[in-house]
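Working through the structure, step by step
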Amino acid sequence: MNSKTQSPFKVNLHELPRRAGEMRTYDLNFPTPEAIGVPLLQIPLGAAIELRFKAESVDDGVLITGEVKSQAIGECGRCLEKIEMEIDQRFQELFLYASRAAEDPEADDDLFILDGDVADLEVPVRDAVILSMPINPVCEADCEGLCSGCGEKWRDLPEDHGHEIVDPRWTGLAGWKPE
Ligand SMILES: [Zn+2]
Ligand SMILES: [Zn+2]
């Protein structure tokens, strides 16, 4: 295994003829070498990832269009309950031939460039997965979170649950009891 193929996201496209219009399909399954996601929700390290995509030769490089499937786990941002989310997200990225990228005066760091026959799909896949995730993941759309008085889930508390709000002006009388 050489350094170009160490990451499972680096796909060798040597089977794809470099003629515009040629196409090959790929179906890869591997455990992710890094967690992918946001702090409250992520595909954990080692979780199975499936990448299905087609690679199409175009004039300037290879256009990759496909989908990533996996399972993310995390915590509800309101009640901290464990949540799971199916990831099934499309992605598309153009990988330029290195020779074309060098010619392009507009070229900048955002371009994806083939490294020989190898396309590194990690960033496009990571971006697609993160974009598919809610910024504030919740267990249910109407999760009411936790009672600020006792930290219990509102879902588990009786309807009339509440805490007496002690008005600070009366705290001096807190120890007072009627005769
Ligand atoms: Zn919740
Ligand atoms: Zn409470």
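Anyway, here's the lowdown on the structure attached to this text. (Residues numbered from 1 in each chain as written. Chains lettered and ligands numbered in written order. Predicted model: local features only at pLDDT ≥ 70, side-chain atom pairs only at ≥ 80, totals over all residues.)

Turning our eyes to something else, we now look at the environment of Trp154. Mapped onto the elements of the fold, Trp154 is located in the segment after helix H2 (122–132). The partly exposed category is assigned to Trp154, around which 14 C-beta atoms lie within 10 Å. C-alpha of Trp154 to C-alpha of Cys79: the two residues are 75 residues apart in sequence and 8.6 Å apart in space. (Helix = DSSP H or I, 4+ residues; strand = E, 2+ residues; numbered from the N terminus. Buried ≥ 20, exposed ≤ 12 C-beta atoms within 10 Å, placed from the backbone.)

Quick look at H2 now. Every buried residue belonging to H2 is among Pro124, Val125, Ala128 and Val129, and all of these are buried. Considered in projection along H2, the buried side chains sweep an arc of 130° and stay on one side of the axis. Those residues of H2 hidden inside the fold are in contact with strand S3 (36–38), strand S4 (41–43), strand S5 (48–57), strand S6 (61–75) and strand S7 (82–96). (Arc of directions from axis to C-beta. Contact = placed C-beta atoms within 7 Å.)

Turning our eyes to something else, we now look at the environment of Met23. Relative to the helices and strands, Met23 is located in strand S2 (residues 23–31). Given 13 C-beta atoms within 10 Å, Met23 falls into the partly exposed group. In the structure, Met23 is positioned 40 residues away from Leu63 in sequence and 9.4 Å away in space, judged by C-alpha atoms. Leave out the neighbours within four places in its chain, and Met23 touches Lys54, Ala55 and Glu56.

On to the nonpolar core. With 22 residues, the main nonpolar core has Ile64, Val68, Leu121, Val125 and Val129 as its most contacted residues. Elements that contribute at least two residues to this core include exactly S4, S5, S6, S7 and H2. Dropping the residues within four chain positions of it, Val125 is found in contact with Phe9, Leu51, Val68 and Phe91. (Core = buried A, V, L, I, M, F, W, Y, C linked by C-beta atoms within 7 Å.)

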